[in-house]
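Structural overview for review
Chain residues, written in single-letter form:
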Amino acid sequence: MATYTLKDFKSDQEVRWCAGCGDYSVLAALQRTLPKVCEEKGIDKEKVVVVSGIGCSSRLPYYMDTYGFHSIHGRAAIIATGMKVASPDLSVWQISGDGDALAIGGNHFIHAIRRNVDINILLFNNRIYGMTKGQYSPTSKFGTVTKTSPYGTVEEPFNPGSLVLGAKGTFFARGLDTKLALNEEIMLAASRHEGTSVMEFLTNCVIFNNGAHAELSDRAVTDDHTIVLRAGEKMLFGKERDKGLVLDGWKLKVVRIGVDGVTEDDVLTHNPHEDNLGLQMMLADMKGPDFPVALGVIRDVPARTYDHEVAAQVEKVTAAARVHSVDELLHSGSTWELK
Amino acid sequence: MEHKVIETPDVVIRFAGDSGDGMQLTGTLFANLSAVYGNGLSTFPDYPSEIRAPKGTVAGVSGFQVHIGRGKVNTPGDYCDLLVAMNPAALRANAKWLKRTATVLVNADAFDDALLAKAGFTGDPFEELHIEDRNIIMVPITHLTEESLKDSGLDMNAVHKCKNMFTLGMACYLYSRPLDYIYTYLESRFAKKHPEMIEPNRKVVTDGYNYAAAIQAVPNTYTIEPEVQEKGLYRNITGNQAVAWGLIAAAEKAGLPLFCGSYPITPATSILEELAIHKNLGVKTMQTEDEIAGICSAIGASFAGSLAVTTTSGPGLSLKSEALGLAVMTELPLVLVDVQRGGPCTGLPTKTEQADLSEALYGRNGECPLVVMAAHSPAHCFDAAFTAAKVAVEHMTPVILLSEGYLGNGSEPWKIPSMDAYPPIRPRFVSAGDGVKFRPFERDPETLARRWAPVGTPGKEHRVGGLEKNHDGVLSNQPENHELMVREREEKVARVAADIPDLVVDGPQEGDLLLVGWGGTYGHLLTAVDQLRAAGRTVSRVHFDFINPLPKNTAEVFARFRRILVCELNRGQFAAWLRTQLPQFQYLQCNKVQGQTFLVQDIVEAVENIG
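Since the structure is predicted, the reported quantities are computational estimates derived from the model, not experimental observations.

The rules behind these values
Residues numbered from 1 in each chain as written. Chains lettered and ligands numbered in written order. Predicted model: local features only at pLDDT ≥ 70, side-chain atom pairs only at ≥ 80, totals over all residues. Heavy atoms only, no water. Helix = DSSP H or I, 4+ residues; strand = E, 2+ residues; numbered from the N terminus. Areas by Shrake-Rupley, 256 points an atom, 1.4 Å probe, with all protein chains shown as cover. Lys, Arg positive; Asp, Glu negative; His and termini not counted. Charge placed at Lys NZ, Arg CZ, Asp CG, Glu CD. Rg over C-alpha atoms; globule rule 2.2 N^0.38 Å. Buried < 20%, exposed > 50% of the residue type's maximum accessible area, 1.4 Å probe, protein only. Contact = heavy atoms within 4.5 Å. Core = buried A, V, L, I, M, F, W, Y, C linked by side-chain atoms within 4.5 Å. 1 Å grid on protein atoms, 1.4 Å probe; cavity = no way out; pocket = protein on both sides within 12 Å on 5 of 7 lines; lining within 4 Å. Points joined across faces, edges and corners; volume = space filled by probe spheres on them. Nonpolar A, V, L, I, M, F, W, Y, C, P; charged D, E, K, R; others polar. Pairing = 2+ DSSP bridges. Axes fitted to C-alpha atoms, helices over the stretch in contact; angles between N-to-C directions. Salt bridge = Lys/Arg side-chain N within 4 Å of Asp/Glu carboxyl O. Parallel < 35°, antiparallel > 145°, perpendicular 65-115°, else oblique. Domains from an automatic or database assignment. Buried area = accessible area lost by both parts, 1.4 Å probe. Expected span 1.5 Å × (residues − 1).

**Things to note about the overall build of chain B**
Counting its regular elements, chain B contains 22 helices and 22 strands. Surface exposure of chain B reaches about 22,700 Å², of which carbon and sulfur atoms provide 52%. Between the averaged position of the 56 positive side-chain charges in chain B and that of its 71 negative side-chain charges there is a distance of 4 Å.

**Let's talk about the overall build of chain A**
Scanning chain A for helices and strands turns up eleven helices and twelve strands. The globule rule puts the C-alpha radius of gyration for 339 residues at 20 Å, and the 22 Å found for chain A is close to it. For chain A, the spread of C-alpha atoms along the principal axes amounts to about 95 × 45 × 45 Å. Each of the 339 residues in chain A was classed as buried or not, and the buried ones make up 57%. Across chain A, the fraction of contacts at a sequence separation of at least 24, relative to all contacts at a separation of at least 6, is 66%. With 36 positive and 43 negative side-chain charges, chain A shows a spacing of 3 Å between the two charge centroids.

**Notes on the nonpolar core**
Within the largest apolar cluster, 168 residues are counted, with the highest numbers of intra-cluster contacts made by F69 and F109 of chain A together with V516, F558 and F574 of chain B. Sequence-distant contacts of F574 of chain B, that is, excluding residues within four places in its chain, are made with L357, V516, W518, F544, I547, L550, V566 and E568 of chain B. Residues F30, M86, M170 and A171 of chain B belong to the second largest nonpolar core, which totals 53 residues.

**Quick notes on empty space enclosed by the protein**
Counting across every chain of the model gives four cavities of 30 Å³ or more. Empty space within the largest cavity amounts to approximately 190 Å³. Forming the boundary of the largest cavity are 14 residues, of which R14, Q65, G77, Q596 and T597 of chain B lie nearest the centre. Here the residues of the lining of the largest cavity are counted per class, giving six nonpolar, five polar and three charged. As a volume, the second largest cavity reaches approximately 40 Å³. Along its surface, the second largest cavity is lined by G74, R75, A76, A77, Q94, S96, D100, A101, G105, H108 and F109 of chain A. Every element with two or more residues in the lining of the second largest cavity is listed here: α2 (76–86), β3 (91–97), α3 (98–104) and α4 (106–115) of chain A.

**Examining the sheet that holds strand β22 (residues 588–591) of chain B**
Residue and element names in this part refer to chain B. Read across the sheet, four strands follow the order β19-β18-β21-β22 without closing on themselves; strand pairing throughout is parallel. This sheet does not close on itself; its edge strands, each paired only once, are β19 (540–544) and β22. Taking the axes of each pair of neighbouring strands and ignoring which way they run, one obtains an average angle of 25° across the sheet. In this structure, strand β18 (residues 511–518) lies alongside strand β21 (residues 561–568), joined through five bridges in parallel fashion. Bridge assignment links G511 to a residue of β21, and that residue is F561. In the packing of helix α19 (residues 522–534) onto the sheet, contacts are made with β18, β19 and β21, and the angle to β19 comes to roughly 175°. Together, β18, β19, β21 and β22 form the strand contacts of helix α21 (residues 573–581), whose direction differs from that of β21 by roughly 140°.

**Describing the pattern of salt bridges**
Residue and element names in this part refer to chain B. The full count for this structure, using the stated rule, is 47 salt bridges over all chains. A salt bridge links K460 to D434; its shortest N-O distance comes to 2.5 Å. With K460 in the loop between β16 (411–415) and β17 (463–465) and D434 in the loop between β16 and β17, the pair connects residues that are 26 residues apart, well separated along the chain. Judged by relative accessible area, which is 40%, D434 ranks as partly exposed. When salt bridges with common partners are traced through the structure, they connect E331, R443, E488 and K492 into a single cluster.

**Brief notes about the layout of surface pockets**
All names here are of chain B. As a volume, the largest pocket reaches approximately 1,200 Å³. Residue lining of the largest pocket: 49 residues in total, with S19, G20, D21, G22 and R52 positioned closest to the centre. Looking at the lining of the largest pocket, the element that brings in the most residues is helix α8 (residues 180–190), giving four residues. Here the residues of the lining of the largest pocket are counted per class, giving 18 nonpolar, 21 polar and ten charged.

**Points about the interface of chain B and chain A**
Contacts between chain B and chain A engage 68 residues on the former and 58 residues on the latter. Taken together, chain B and chain A are joined by two salt bridges. In this structure, E289 of chain B engages R115 of chain A in a salt bridge whose closest nitrogen and oxygen atoms are separated by 2.6 Å. When residues of the side of chain B that touches chain A are traced back to their parent elements, those giving at least two are α1 (23–37), β9 (232–238), α10 (239–254), β11 (283–287), α12 (291–303), α14 (321–330), β16 and β17 of chain B. Here the side of chain B that touches chain A gets eight residues from one element, more than from any other, and that element is α12 of chain B. Its residues assigned to classes, the side of chain B that touches chain A comprises 35 nonpolar, 19 polar and 14 charged.

**A short note on the packing of helix α5 (residues 141–148) of chain B against helix α7 (residues 163–174) of chain B**
Each pair of packed helices can be described by the angle between their axes along with the distance between the axes. Residues and elements named next belong to chain B. One way to put it is that α5 packs onto α7 with a least axis distance of 9 Å and a crossing angle of 100°. It follows from the interaxial angle that α5 and α7 lie roughly perpendicular. Between α5, through I141, T142, L144 and T145, and α7, the contact on the second element is made entirely by K163, F166 and T167. Looking at side-chain class alone, the contact of α5 with α7 contains three nonpolar, three polar and one charged residues.

**A closer look at the sheet that holds strand β4 (residues 120–125) of chain A**
Read across the open sheet, the nine strands follow the order β7(A)-β11(A)-β5(A)-β6(A)-β4(A)-β3(A)-β1(A)-β2(A)-β17(B); overall the sheet is mixed. The sheet is open, and its two borders are formed by β7 (226–229) of chain A together with β17 of chain B, each paired with just one other strand. In this sheet, adjacent strand axes meet at a mean angle of 20° when their direction is disregarded. The strands touched by α12 of chain B within the sheet are β1 (48–52) and β2 (67–70) of chain A together with β17 of chain B, with β2 of chain A carrying the most contacts at an inclination of about 155°. Relative to β17 of chain B, α14 of chain B is tilted by about 140°, and along the sheet it contacts β2 of chain A together with β17 of chain B.

**Points about the domain arrangement of chain B**
Residues and elements named next belong to chain B. Taken as a whole, chain B is organised into domain 1 (4–223), domain 2 (236–421) and domain 3 (511–610). Domain 2 and domain 3 are separated by 25 Å when their C-alpha centres are compared. When domain 2 packs against domain 3, close to 2,000 Å² is buried across both sides, 61% of that on carbon and sulfur atoms. Contact with domain 3 buries area across many residues of domain 2, yet Q354, L357 and H376 alone supply 32% of it, more than any other trio.

**A short note on helix α9 (residues 198–214) of chain B**
Residues and elements named next belong to chain B. The end-to-end C-alpha distance of α9, which contains 17 residues, comes to 24 Å, matching closely the 24 Å that a straight helix rising 1.5 Å per residue would cover. Every buried residue belonging to α9 is among I198, P200, N201, V204, V205, G208 and A212, and all of these are buried. Tucked into the core, α9 has its buried residues touching α5, α7 and α8. At the C-terminal side of α9, Q216 shows a positive phi close to 50°.

**Some points on unusual backbone geometry**
The peptide bond linking G288 of chain A to P289 of chain A adopts the cis configuration, its omega dihedral lying at 5°. Note on placement: P289 of chain A falls in the loop between α9 (278–285) and β11 (293–300). Here the amide bond leading from G343 of chain B into P344 of chain B is cis, since omega sits at 0°, within 30 degrees of zero. Notably, N116 of chain A is not glycine yet its phi reads approximately 55°, a positive angle. In this fold, N116 of chain A is placed in the loop between α4 and β4. With phi around 50°, S176 of chain B is a residue other than glycine that occupies positive phi space.

Shown next as structure tokens:
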């Protein structure tokens, strides 16, 4: 097995996203993570495949020097599933935008999660249709003014995290385009997770939805408006790491360490490996102004994977079978001889 | 009057009853035992789309027609010699299929006032249907079955389920069929789970046989003595089963794993069901969330190096259109099997038609040609599926194989072939490890097919997708490149013609009239031509298994005939295709869109009408 560097995963194609697009940093994180993925899994890079749908982010496979499939709108999750089931030894990375995965591809998205096929889904969420030049998406906030909603949208958005957890997804993480190291950490965790790993990357669309996530990424506020969750660590955040999350009855509450006798011990410890969805669902749902937005791996639990079950069933049936060739098949069951 | 056993060349029997009456099984058993007896046969089930429509209603009638002959039988038959009607609704639904000389065997117990009213009869049902002159045998089948099983210990529900066996026994007597096969069947069917059912069923079928003999139900009985057919080992096979097996056979020949992504849809579902059984032969099946997912999972599997297949029927073909375009654009091998049903839209789900042809040929955005083939009989579905896979893999193109509900559900005896007799299938894998940068759309100079570098091939990393690319696999908006690629994709499909057999003319090689057919009309056209010749008419016939491209010698064959009559179960889609491909000829048409096969008589009349 070869060892790789970032360079091995860069294709010779010029990246054609707009200057300042949030997609660049996610691409960089992926190119930096894959050498580690190959090393950890003991695979060569030809076993890595990147599959995308349609939209700005779905151009990503062209920028990777791996096997790549830039498919059709909404279908990348099921095309990736077909690849993984056909060849379970592949490391499959599926790229999708908020429109691609949650609007036209919503059905394939939830069914990939239901099956828990071992693929890694990178969901680029900029809350807008960029490639078609600025229409609202299923994650656009209520009231968003776009070309197709000149008076503001009158429909509620999806929160991808709630959707994944609501479908009993086994892995959900959230990254942010400005946090390169965190994004790499998330991708590596996704690669290690056996099952459908959904990574939501909050990305900026500099042209049609500039500042899509500014309230989270602006240097001045990022520490107070986001919380990075890590397994076994206290749920602390804020510039001074003096704020924490506690349970108040059935709800989460933000507390300040040292105020009203609150100590660090009172603060919740993150456990993404807990099968019970309750707390993880609340964490995934958090939003400002009352709560920080949760980043990092929110849920990561083991479960049966579809591709493994398919292969195991084939093996089991084959071992017990009396028919091992087409000639034998043709002669099986009722036959008669004409003499 | 002395009872005689009369030899007859062929006989058509239609079993009809409520959906729950077991008529499909009765018909299948009658067909199988005749096959084992050495007869040729063809069957066709005619069932409603409702699983259990209200009991006793015409909507709930399920039928099974079997045509038995001395030698090879090519159609399930137009009209029947014997109709078994288990209730008044079955009689009403099927009376129009009776020959003038037919026998009608009815379950008298089911002809009570309530059931007669349910089937819409107000008086004598036979008079109302104008069939009172047929040979009508009223038998209290329910009552006789109860009598036969009164000491069996079975409850009444179980007893009534055996009445189809009484009917089967009677039919066996009328056509001099030995019962041994049924006894063997009952043994194997019930031995494991319900051994207590073997003896009662055996008794009922025997009692039915003896009852028919005792009452002298018909003045004479018939026998269809088998002619010497090609010697060898035979089995019965339905079209859908044959498609599944043909695909497995192709995968084995090609040395590829088989992947089928599919969504259940009538009448194609049983292909997926059949493939799902044979995981021991390197088959992976995936029942996907929808039709689009079916084809898309298959495209993914194809990129990963599997022989990829998706199966569907009309509405599903519509849903798969965009993804078919993706397969055309990425030039990946893929087989799509469309078991056509009556359309448009949901149409007639359980009825047969050939009206998806235009959609198969044209139903995608852009210039989007692919190979279109058709199967022509239930057993031929095996060869057709094998060939579809061979073409897809060797020419790097999606192939649509058109089957039909009539073929998929119909069955016929099939002489079991040896896989040694089938040609090799050679996937166009790129040779790995030569250090040469892979140019995905570099083409073979002969066929224009590209090379296949499945994910995992060392050193051949490349990108494919729905956007136009150049030979290097790099995105290109260049006007000249687009035109080049469009023309090459078109030419690649056209050059498949080099690998397909020439048309073979049945009958005189030139003359006045050429009958043209494609797909499942094969048996009816063959039989019609035989009848026309027997009546002194000179007529020739060709049948197309390949629609796009057409066989190389098509124009040359057409040029030898003064008139060409294109027969198909749609409003003229193949005729329209021929007009665009070979506009130098005139095409007469014979069309039918009733959700039914042709009757042989339809074709004979069409020929007579054109003079």
